[in-house]
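# Structure at a glance
The primary structure of each chain is shown beneath.
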Amino acid sequence: MGIPAYPTSRPLALADKQFLDAVFARLQPRVSELTFANLYLFRTPHAYRLTMVGDAVVVLGQGYDGAPYFLPPLSGAVTDAARTLLDAGMTLYGADEQFVERHLAGGYRIEEDRDSFDYLYLRQELAELPGNRLHKKKNRISYFAARHRYVVELYREGHREGCLDLLQEWHRVRAAVGSSSVDPETAATEEALALAGPLGLEGVVVLVEGRVVAFALGERLNRETAVCHFEKGDPFMEGVAQLVDREFNRLLFADCIWTNREQDLGVPGLRDAKLSYHPLELVRKFRVRRG
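Residues numbered from 1 in each chain as written. Predicted model: local features only at pLDDT ≥ 70, side-chain atom pairs only at ≥ 80, totals over all residues. Heavy atoms only, no water.

## Description of the packing of aromatic side chains
Here the structure, examined in full by the defined rule, presents six aromatic pairs. Both rings, one in Phe144 and one in Tyr150, keep their centres 5.6 Å apart while their planes meet at 50 degrees; by these two values the pair is tilted. A relative accessible area of 0% places Phe144 in the buried class. In this arrangement the basic side chain of Arg43 is found over the ring face of Tyr40, its NZ or CZ atom lying 3.8 Å from the centre. The ring of Trp170 has Lys232 sitting right over it, with the charged end atom 4.5 Å from the ring centre. (Phe/Tyr/Trp six-rings, centres within 6.5 Å; stacked < 30°, edge-to-face > 60°. Buried < 20%, exposed > 50% of the residue type's maximum accessible area, 1.4 Å probe, protein only. Lys NZ or Arg CZ within 6 Å of the ring centre and 35° of its normal.)

Right, here's the structure in full:
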C-alpha cells in the first residue's frame, strides 16, 4: 500500500505492519510511541496518518486536545523533512535529545514536554525487586500472596474475556476520576487484547480462583529494551499491581536490559507510582515549533 506525498496523507492500516516494523528495526527507537502496535492501537484518538515528505516517512497525528503534530520522521532525509514541516507551521512532538541534537540545531523553539517523558528501568530490577529501595513493592506482593491463591500465565486468547471483564471495572473506577485519556486507553486495550498475536504483543495474566485480576501487555521497543504498553489490575486488590509488573519483567523479554514503562501524562498519582520504582533514566521528549 503506497504512502502519498505531503500534504496528502492516508490512515495507518494493519497492512503497514511489515513495512513499519522494518523501519523501526533500522531506527532502534528509544521513544515508546515508535512501535507499530502503539501507533495502530491509538490511531483513532490521535488520528495517525502516513505521508511522504520527500523520501522521508512521516506520521501525522493530533493530541487528546485535537492539536495537530507530526512525529519525528522515520527514514530518508529526516532533517529536510522535519524542517519542511516545521517551516510550514507544524509542531513536532516526541523528539528525543538525540533527534534534536542531530537534526534541529538552531532556529526553532524547543521545549521539554515533562508529561511525555518515558520512564526507563533496569528490567532485572523490576523482575527481582532487590534491596531496600524496592522493599515496599515486595511487601505489597507478599501481602497479596498471603491472602490469595493465585497463578500467573502467559497471555493467550482464552484469557481475553476475563481481561475484558477486568478492563470494564478498571474503566468504571478511572472514569469516575474524570481523566480525558481513560476512554481512548480503554478502547486501545480492548483492541490490543483482540489483536495481540497479529500485533506481536506478549503478556502475562494473574488469576485468582480462575478470575483475571491483572494483566500486562508489551513488546520489544529496540534490541535492548522492552516496552509495557498496558498494565491493568483489580483496583480493590492491594499488591496485585506490583505483582503483575514483576511477573511481566520476570517472564518476558529476558534478553532485554531495559524496560520502558511509558509516560505519566502529568497525572500526579501515576507519576508518583512510576517514580516510586526508581527509574534509571527519564527519556526526555521535546515539542518543537518554528522560532
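Now, onward.
## Things to note about the packing of helix α7 (residues 160–175) against helix α8 (residues 182–194)
Two numbers describe a pair of packed helices, the interaxial angle and the distance between the axes. Running from amino to carboxyl end, α7 crosses α8 at an angle of 175 degrees, the nearest separation of the two axes being 10 Å. Of the possible angle classes, the one that applies to α7 and α8 is roughly antiparallel. Every residue of α8 that contacts α7 at Arg160, Cys163, Leu164, Leu167, Trp170, His171, Arg174 and Ala175 is listed here: Val182, Asp183, Glu185, Thr186, Thr189, Glu190, Leu193 and Ala194. Here the residues of the contact of α7 with α8 sort into eight nonpolar, three polar and five charged. (Axes fitted to C-alpha atoms, helices over the stretch in contact; angles between N-to-C directions. Helix = DSSP H or I, 4+ residues; strand = E, 2+ residues; numbered from the N terminus. Parallel < 35°, antiparallel > 145°, perpendicular 65-115°, else oblique. Contact = heavy atoms within 4.5 Å. Nonpolar A, V, L, I, M, F, W, Y, C, P; charged D, E, K, R; others polar.)

## A look at the pattern of salt bridges
Scanning the model with the defined rule gives 25 salt bridges in all. Between Glu111 and Arg109 there is a salt bridge, with its nearest N and O atoms 3.2 Å apart. For Glu111, a relative accessible area of 33% puts it in the partly exposed group. Among the ionic pairs, Asp245 bridges to Arg261, the shortest N-O distance being 3.2 Å. Residue Asp245 is located in helix α10 (residues 240–251), and its partner Arg261 is located in the loop between β12 (258–260) and α11 (268–275); the two are separated by 16 residues in the primary sequence. Comparing Asp245 with Arg261, the two get one shared label, buried. (Salt bridge = Lys/Arg side-chain N within 4 Å of Asp/Glu carboxyl O.)

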